[in-house]
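# Examining the three-dimensional arrangement
Letter by letter, the chains look like this.
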Amino acid sequence: MGLMRSVLLAGSESRWLRAQATRRAFVRRAVSRFMPGETLEDALGTAPALARERIGLVLTRLGESVTDAAEADEVAAHYLDALEKIRAREVNAEISVKPTQLGLDIDAGRCLAHVRELAARASALGNFVWIDMEQSRYVDATLELTRAVRARHANVGVCVQAYLFRTAADVERLRPTGAGIRLVKGAYREPAEIAFPRKSDVDANYLTLARRLLADEARPAGVRAVFGTHDTRLLRAIADHAAAAGRPPRDVEFHLLYGIQRAEQQRLARAGHTVRVLVSYGSYWFPWYMRRLAERPANVLFVARSLFRA
Ligand SMILES: Cc1cc2nc3c(=O)[nH]c(=O)nc-3n(C[C@H](O)[C@H](O)[C@H](O)COP(=O)(O)OP(=O)(O)OC[C@H]3O[C@@H](n4cnc5c(N)ncnc54)[C@H](O)[C@@H]3O)c2cc1C
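The following paragraphs examine the structure supplied in this document. (Residues numbered from 1 in each chain as written. Predicted model: local features only at pLDDT ≥ 70, side-chain atom pairs only at ≥ 80, totals over all residues. Heavy atoms only, no water.)

## Structural notes on the environment of Gly2
Stated formally: Secondary structure elements are defined from DSSP: runs of H or I of at least 4 residues count as helices, runs of E of at least 2 residues count as strands, and each element is numbered from the N terminus. Only protein chains enter the accessibility calculation, which uses a 1.4 Å probe; a residue is then buried when its area is under 20% of its type maximum, exposed when over 50%, and partly exposed in between.
Tracing the chain through its elements places Gly2 in the segment before helix 1 (3-12). In this structure Gly2 comes out as partly exposed when scored by relative accessible area, which is 43%. The spatial distance from the C-alpha of Gly2 to the C-alpha of Ser32 is 26 Å, given a sequence separation of 30 residues.

Right, dumping it as structure tokens:
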């Protein structure tokens, strides 16, 4: 792992740094590049312009590692309300939730009840719930959560991370279930015993897994495969592979983060692919923002420039 990435990921876990950074106007200005605002309204406000480009949304309220049950209940209530607002405004938006924000650390049963309730409401409204994947210690619990929710509601998908050695086996287990599977590289700091330390190996594994998700065997089960990456080389390789396998562009779905690789988002949508951007909002943005910086340390320069514009 690069030194800068390690430092930024370590910083993402620092409470002190979070308290400092969130007070600084120049940091807030730099964050706005990736986040339209702190409220659901701000996130929903991005929809009309994106819809004109045939790009949909996935909404996620920032926050993780909730330790208070009442807070987890409030997050669940927030997402229920978000589902209603999405429907009322006829916005093309799904939601993506973090298990630890819905109480996984406090009580797995409570977290399951919350995700079930969200999936039930989403199902009634014709919507879909994505479950984020967090640090490796949560992978088993997150996959079990997905299985348990999907036993009653099919409109649920889970994220899997190409940097983990175990993900190839997890994908093989998930494929026959027909779950939504969002493939990403992985955003956390993981030890070399369980995750590829070299970026080139993560990239190669991503493509191998993407091909498995596009393979003919995945089709009868109805797998909804989504490729969550901004890596143009991978985006093109996946689109080419799918085309060679006779898949129409619309069947190949890409999710990118709001504000990142805008031209690529538009290009994919124009090429006829299904494209959504994950729009994050909320006041708990610091660890999430540090992970975005770690993905591209050149972004630190943007923060520095914002400082001099202060
Ligand atoms: C829709 C979506 C959902 C995600 N959900 C999860 C999840 O549940 N769990 C999880 O662990 N991770 C999640 N991630 C994050 C993911 O794991 C990666 O950390 C992130 O996507 C960066 O990897 P990359 O595939 O874009 O490739 P990289 O190799 O990191 O980047 C490829 C290129 O994309 C551009 N780029 C990438 N990131 C940035 C950035 N921050 N700023 C500017 N340019 C950038 C750069 O040009 C870079 O060269 C998600 C990502 C997306 C897009």
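## Things to note about the nonpolar core
For clarity, the threshold we go by: Remark: nonpolar core denotes a set of buried residues (Ala, Val, Leu, Ile, Met, Phe, Trp, Tyr, Cys) joined through side-chain atoms within 4.5 Å.
By size, the foremost hydrophobic cluster in this structure holds 78 residues, and its most contacted members are Leu57, Leu59, Leu183, Phe227, Ile238 and Phe254. In this structure, Phe34, Val58, Leu278 and Tyr289 belong to the second largest nonpolar core, which totals 19 residues.

## Regarding the sheet that holds strand 6 (residues 224-228)
To be explicit about the condition: Pairing between strands is defined by DSSP: at least two bridges between the two strands are required. All axes are obtained by fitting lines to C-alpha atoms, using only the stretch in contact for helices, and the reported angles, taken between N-to-C directions, cover 0 to 180 degrees.
Ordered in space as 1-2-3-4-5-6-7-8, the eight strands form a closed barrel in which the pairing is parallel. If you compare each strand with its neighbour and ignore which way they point, the axes differ by 30° on average. Note that strand 1 (residues 55-61) and strand 8 (residues 274-281) share seven bridges and pair parallel. Bridging across to strand 8, Val58 finds its partner in Leu278.

## Some details on the state of the cysteines
Our working rule: In this description, the term disulfide denotes a pair of cysteine sulfurs within 2.5 Å.
Throughout the structure, instances matching the rule amount to zero disulfides. We note that Cys111 lacks a disulfide partner, and the nearest cysteine sulfur, in Cys159, lies 15 Å from it. Its relative accessible area of 4% is what places Cys159 among the buried residues.

## Focus on the pattern of salt bridges
Convention followed: A carboxyl oxygen of Asp or Glu within 4 Å of a side-chain nitrogen of Lys or Arg is what we treat as a salt bridge.
For the structure shown, the criterion picks out 24 salt bridges. Between Glu53 and Arg262 there is a salt bridge; the shortest N-O distance is 2.9 Å. One end of the pair, Glu53, is in the loop between helix 5 (47-52) and strand 1; the other, Arg262, is in helix 12 (residues 262-270), and 209 residues separate them in sequence. Residue Glu53 is classed as partly exposed on the basis of its relative accessible area of 26%. Overall, Arg262 belongs to the partly exposed group, its relative accessible area being 33%. Glu264 is the partner of Arg267 in a salt bridge, and the nearest nitrogen-oxygen pair spans 2.7 Å. Placement of both Arg267 and Glu264 in helix 12 is noted, with a separation of three residues, approximately one turn of the helix. With relative accessibility at 27%, the residue Arg267 sits in the partly exposed group. Within this structure, Glu94, Arg224, Glu253 and Arg276 form a network of salt bridges that share partners.

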